[in-house]
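Spelled out, the chains give:
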Amino acid sequence: MPDAPHCNSDAVDYVIKSYRGCETVMRNPETFTVDDPRFTTGVIVGESMLSTDGPRHTHHRVPWATLLRSHETRRRATESIDHLAGKLVHGIAGLTTRTADLRTSLTGPLAVGVMNEILGLGADPTDLWDWYQHIVAGVTALTEHGDVPESAVDAMRRLSHAVDAADLRAGNQTRGEVASNAAVVLFGGIETVDGSIANLFWHLLTNPTAYEDCLARPSALDGAIEESLRLEPAASRVDRYATEATTVDGMEISRGALVVASIRDANRDPTVFADPDRFDPFRANASRHLAFARGPHACIGPHLARAEARAGFDAVTQRLGRVELISTSPPVGVVFRKPEELVVRWS
Ligand code: HEM
């Protein structure tokens, strides 16, 4: 879950756009750290894996990475992803207008519902979505104006209560640490999954040949998922702070500078990806993309993200058949990128 954008453009000191440069930034926490007071998410959700490096980071991250990779979580995830995707598309199929915005009726609710299930929170999905919106708005307000709205503090309090009520545990973490990391895991798996499924549909529905390939051959979908993550990584950048003066991509970076690793640019680096702006579901090296980051903070949920994208696409295809885009926009956003709407029609 990357941090909110630093909206004051003066604050962005360096933007790294090359594939190798981004890898360097993400793989070297001694030189490029997240552990800085300017990292605003930490102020709202508390210290977590996202805002620490070194041994503190290991303490926060390992129990959650282990939990998500465990056989039991994978089993629960597979069941709930297929079940929820089927249920949501069943609801869509009942609409007499034969049109639906897949963002609001599928990609968002699927992402929220799956995280709710996997963590066993048992929260009302509408509440979870609401807390999420308030916490994200809080991080943005803090970045822009320097103050934390009461609504964000209240949302974090309610989420902590839900985590307590579910008796969620993680290694030897305190209850406060469990709540902070649960917030990071939840929200890491909501915004980005919503965006990545929406971006997949957008790429396929605006590339008729690729769409036909995926309808005809399920194996083509795996390539399309990777290629969509490459071209429009739902989290387009990550922020770090230089702990010493250094050089990346020939740029001299001063100590303390904010360094943005632009994943979206790296994924279009022509020295790694030929004809980089073209959507090609058969691109041999698409999965080299950096959408899930690299290094110690690399995403802990790629398997879930991929499974949700596949389940979303399969459910729509099985239940609605071929769909047609009738209103959309290309993916937009400074950090989290997705189409604002994805209205489709079916016959
Ligand atoms: C397509 C969907 C996803 C994308 C594009 C994505 C992207 C990312 C990226 C770029 C980072 C690195 C952040 C940084 O270095 O500052 C990250 C970290 C993280 N992601 Fe994901 N993610 C996705 C899905 C998920 C899911 C499903 C989960 C949870 C189940 C999740 C949980 C996390 C967590 C907890 C971290 C922080 C890891 C750490 O700081 O050690 N993500 N993700």
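In case you missed it, the structure is sitting above this.
Sequence order as written defines residue numbering, which begins from 1 separately in each chain. The predicted nature of this model means local features are confined to residues of pLDDT at least 70 and side-chain atom pairs, given and counted, to a pLDDT of 80 or more, with totals for whole chains, interfaces and linings taken over all residues. For the side-chain quantities, the full set of heavy atoms in the structure was used; hydrogens and water were omitted.

Q: Can you help me understand the coordination of the iron atom of the ligand in this one?
A: Ideal geometry at a metal centre: 109.5 degrees between donors when four sit tetrahedrally, and 90 or 180 degrees when six sit octahedrally. Among protein atoms, the single one acting as a donor to the iron atom of the ligand is Cys 299 (SG), 2.3 Å away. Secondary structure elements follow DSSP: runs of H or I no shorter than four residues count as helices, runs of E no shorter than two count as strands, and numbering proceeds from the N terminus. Mapped onto the elements of the fold, Cys 299 is located in the loop between helix H12 (263-266) and helix H13 (302-320). Coordination shells were defined by N, O and S atoms within 2.8 Å of each metal, extended to 3.2 Å for Na, K and Ca; water is absent from the atom set, which can make sites look incomplete.

Q: Any chance you could explain the pattern of salt bridges here in plain terms?
A: Pairing between side chains of opposite charge can happen when their charged atoms approach one another. A pairing counts as a salt bridge when a side-chain nitrogen of Lys or Arg comes within 4 Å of a carboxyl oxygen of Asp or Glu. Taken as a whole and assessed by the stated rule, the structure comprises 31 salt bridges. Salt-bridge contacts for Arg 310 lead to Asp 222; the nearest nitrogen and oxygen are separated by 2.8 Å. Placement of Arg 310 in helix H13 and of Asp 222 in helix H11 (residues 218-231) is noted, with a sequence separation of 88 residues between them. For Arg 310, a relative accessible area of 23% translates into the label partly exposed. Judged by its relative accessible area of 41%, Asp 222 is partly exposed. Between buried and exposed lies partly exposed: a residue is buried under 20% and exposed over 50% of the maximum accessible area for its type, with that area taken using a 1.4 Å probe on protein chains only.

Q: What is the right way to look at the site of the ligand in this model?
A: What surrounds the ligand is a group of 28 residues, the closest being His 57, Arg 61, Arg 240, His 297 and Cys 299. Whenever two N or O atoms come within 3.5 Å, that pair is a polar contact, provided that in protein one can donate a hydrogen and the other can accept it, and provided that, for residues adjacent in sequence, both atoms are side-chain atoms. The contact in question runs from a nitrogen atom of the ligand to an N or O atom on the backbone of Gly 188, over 3.3 Å. Here an oxygen atom of the ligand sits 2.7 Å away from a polar atom, N or O, in the side chain of His 297. The rule for a residue being near a molecule or strand is that one of its heavy atoms must lie within 4 Å of it.

Q: Just to check I follow, could you spell out the nonpolar core for this structure?
A: Generally speaking, nonpolar side chains in soluble globular proteins are found buried as a group. Buried Ala, Val, Leu, Ile, Met, Phe, Trp, Tyr and Cys residues that are joined via side-chain atoms within 4.5 Å together make up what is termed a nonpolar core. Judged by nonpolar contacts, the single largest core of 85 residues is most densely connected at Trp 64, Leu 121, Leu 159, Phe 201 and Leu 204. Here, residues are in contact when the closest pair of their heavy atoms is within 4.5 Å. When neighbours within four sequence positions are excluded, Leu 204 is seen to be in contact with Ala 210, Tyr 211, Cys 214, Leu 221, Ala 224, Phe 279 and Phe 313. Ile 16, Val 25, Ala 242 and Ala 257 belong to the second-largest nonpolar core, a separate cluster that totals 20 residues.

Q: Looking at this structure, how should I read the side chain of His 297?
A: Secondary-structure assignment places His 297 in the loop between H12 and H13. A distance of 3.3 Å separates the side chain of His 297 from the side chain of His 57, its partner in a polar contact. Setting aside residues up to four positions removed in sequence, His 297 forms contacts with Val 34, Met 49, Leu 50, Thr 52, Asp 53, His 57, Arg 61 and Arg 240.

Q: Sorry, what's going on with the sheet that holds strand E3 (residues 99-101) here?
A: Strand-to-strand pairing in sheets goes through backbone hydrogen bonds, with the strands running parallel or antiparallel. Spatially, 3 strands are ordered E3-E9-E8 in an open sheet, and the strand pairing comes out antiparallel. Edge positions in the sheet fall to E3 and strand E8 (324-328), since each has one partner strand and no second. Sheet twist, expressed as the average angle between the axes of neighbouring strands with direction ignored, equals 25 degrees. Strands pair, by our definition, only if DSSP identifies at least two bridges between them. Direction of pairing for E3 relative to strand E9 (residues 342-345): antiparallel, over a ladder of 3 bridges. Among the inter-strand pairings, Thr 99 is bridged to a residue of E9, identified as Arg 345. Only the contacting stretch of a helix is used when fitting its axis, a line to C-alpha atoms as for every element, and angles between N-to-C directions run 0 to 180 degrees. Of the strands in this sheet, E8 and E9 touch helix H9 (residues 191-205), which is tilted by about 50 degrees from E9.

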